[in-house]
Amino acid sequence: MNNLAENSAMRKIYIRLLPFAILSYFLAYVDRINVSFAALTMRGDLNISAAAYGFALGTFYWGYFIFGVPSNVVMEKVGARLWIARIMITWGLLAGATAWVTGSTSFGVVRFLLGVAEAGFFPGILLYFTYWFPTYHHARIVSGFLTGLPIAVATGAPISTALLGLDGLFGFKGWQIMYLAEGIPTLLIGVMTLLVLTDRPEQAKFLTAEEKNWLSTKLAVERQAKESVQKYTMLEGMFNPKVLLLALNYFGIVVASLGILFFVPQIIKSIGVTSNMTVGWLTMIPYIAGAVGLVSWGHISDRMNERRYNLLLACAVSAIGLVIAGLTIGSWWAMVGLSIATFGFYGSKGPFWAMPPMFMTGTAAAASLAWINSIGNLGGFFGPWYVGVVKDFTGSYAGGLYGLAALCVISAAVCALFLDIPDPAAGRGDTVKVGAD
């Protein structure tokens, strides 16, 4: 009977939460990375250099860093329904406001405020999943949720470049139209969040009493197993050595992945592609590879009952792809390297984000998830800025790609040497029990 309750409950929860989470994250990344396509014309219109552009767009991550932990702690207190809605509505407004920037300074200010508005969304959703999913579903649900990211880059590329082609409509530049058109859906979905999300399983009207009882019991047992080893306070969770090592690993991967993300369209243009629309379509290729890596690696990690060495391998694949792209920059082989790198970047996400909930609960989990994400996402500032500086200095993206590859190697080394994290809920090493599909 328990198996029937488990299968039916998890099926309902996946159907209820996963599509909405994917759509929300899709919009988050469209509103975050459409600057990479706007730069094709925006930099020239506003006379912004590559280095200034990379610095200004990276200010997003300082706002994200500063307000990430407070946002997640507030969500733990007031509930995901109200807080996620607040996040989406404010970031939608600021995403649209980017249409009125006039130079690198105002662009940097709006990007910083956008980071403040969106801070807590990603770790908040991860925390929310721990309220609904047993540990042996974590890599799959996180990987499924994160497919919104490569989908946003892949499908957002032709959409964004098509909107750029509307230059002059209503007296706006193409990049202004793009920001306005892509900010409105986030506002609408933010309002819908109030209708879709339920804070806790006990409040879910779409689950039967038996399903609620099974899930509540299962999650309580897992929580007790973790807290029997050690229960952390918020500060202990943030500054636990394992949490800081996870943050270091994540920082390297994020610096590398976001270091190329905002420059992929310009790297493709350096191959000799002249049409912005063609650039948009070609940008889909590496991120389709990323989506495949994300879904498949998350499922494999759950099926293998293993996190650490799946993460290690994904970091190594990322480094190899970046080296190939650097060696072949200016040729179509660079696209192959970028595709291998993104396969590794996104393949790392499921195993990685399944690790913190293996030993953190409650407010400590809220703070540690946000802390790891905030530290890691500072890479969103350093990565684009670093690549822009190297490009301005050398005239090529190759040097930047080699530096990003070195960071992936460091992330792999951290994983290999230090990230041996036991899972009390599984009871044997860093393995995680696999449940029914």
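This structure is a prediction, so every number in the text was calculated from the model and none was measured.

Caption draft 1: Representation of empty space enclosed by the protein. Overall, the coordinates contain three cavities of 30 Å³ or more when judged by the stated rule. As a volume, the largest cavity reaches approximately 120 Å³. Forming the walls of the largest cavity are 15 residues, and the residues nearest its centre are Y25, Y29, Y250, K349 and N377. Only α1 (2-33), α12 (241-261) and α18 (362-377) provide two or more residues apiece to the lining of the largest cavity. A per-element tally of the lining of the largest cavity places α12 first, with four residues. A breakdown of the residues in the lining of the largest cavity according to their chemical character gives ten nonpolar, three polar and two charged. Lining the second largest cavity are L126, F129, T130, H138, V142, W353, P357 and L369. Of all the secondary structure elements, the ones that give two or more residues to the lining of the second largest cavity are α6 (121-130) and α7 (138-146).

Caption draft 2: A look at the packing of aromatic side chains. All told, the structure shown has 24 aromatic pairs when counted by the stated rule. Judged by centre distance (6.2 Å) and plane angle (80°), the ring pair of W175 and Y179 falls under edge-to-face. Of the two residues, W175 and Y179 both sit in helix α9 (residues 174-196), four residues apart, roughly one turn of that helix. Its relative accessible area of 2% is what places W175 among the buried residues. By relative accessible area, which is 2% here, Y179 ends up buried. Where W297 meets F343, the ring centres are 5.7 Å apart and the plane angle is 45°; that geometry is what we call tilted. Note that W297 is positioned in helix α14 (residues 276-304) and F343 in helix α16 (residues 333-347), a separation of 46 residues in sequence. Its relative accessible area of 8% is what places W297 among the buried residues.

Caption draft 3: Local environment of the nonpolar core. The biggest cluster of nonpolar side chains holds 138 residues, and the ones touching the most others in it are F121, W132, F145, L322 and W353. The element contributing the most residues to this core is α1, with 15 residues. If sequence neighbours within four positions are ignored, W132 has contacts with M10, I13, L17, T198, D199, R200, P201, A204, F206, L207, L215 and L219.

Caption draft 4: Focus on the environment of V110. Tracing the backbone through its elements, the reader meets V110 in helix α5 (residues 104-118). A residue is classified by how much of its surface remains accessible, and V110, at 14% relative accessible area, is buried. For the pair formed by V110 and L57, sequence separation is 53 residues and the distance between their alpha carbons is 9.1 Å. For V110, the residues in contact, after removing those within four places along its chain, are L94, T98 and V101.

Reading the values: the criteria
Residues numbered from 1 in each chain as written. Predicted model: local features only at pLDDT ≥ 70, side-chain atom pairs only at ≥ 80, totals over all residues. Heavy atoms only, no water. 1 Å grid on protein atoms, 1.4 Å probe; cavity = no way out; pocket = protein on both sides within 12 Å on 5 of 7 lines; lining within 4 Å. Points joined across faces, edges and corners; volume = space filled by probe spheres on them. Helix = DSSP H or I, 4+ residues; strand = E, 2+ residues; numbered from the N terminus. Nonpolar A, V, L, I, M, F, W, Y, C, P; charged D, E, K, R; others polar. Phe/Tyr/Trp six-rings, centres within 6.5 Å; stacked < 30°, edge-to-face > 60°. Buried < 20%, exposed > 50% of the residue type's maximum accessible area, 1.4 Å probe, protein only. Core = buried A, V, L, I, M, F, W, Y, C linked by side-chain atoms within 4.5 Å. Contact = heavy atoms within 4.5 Å.

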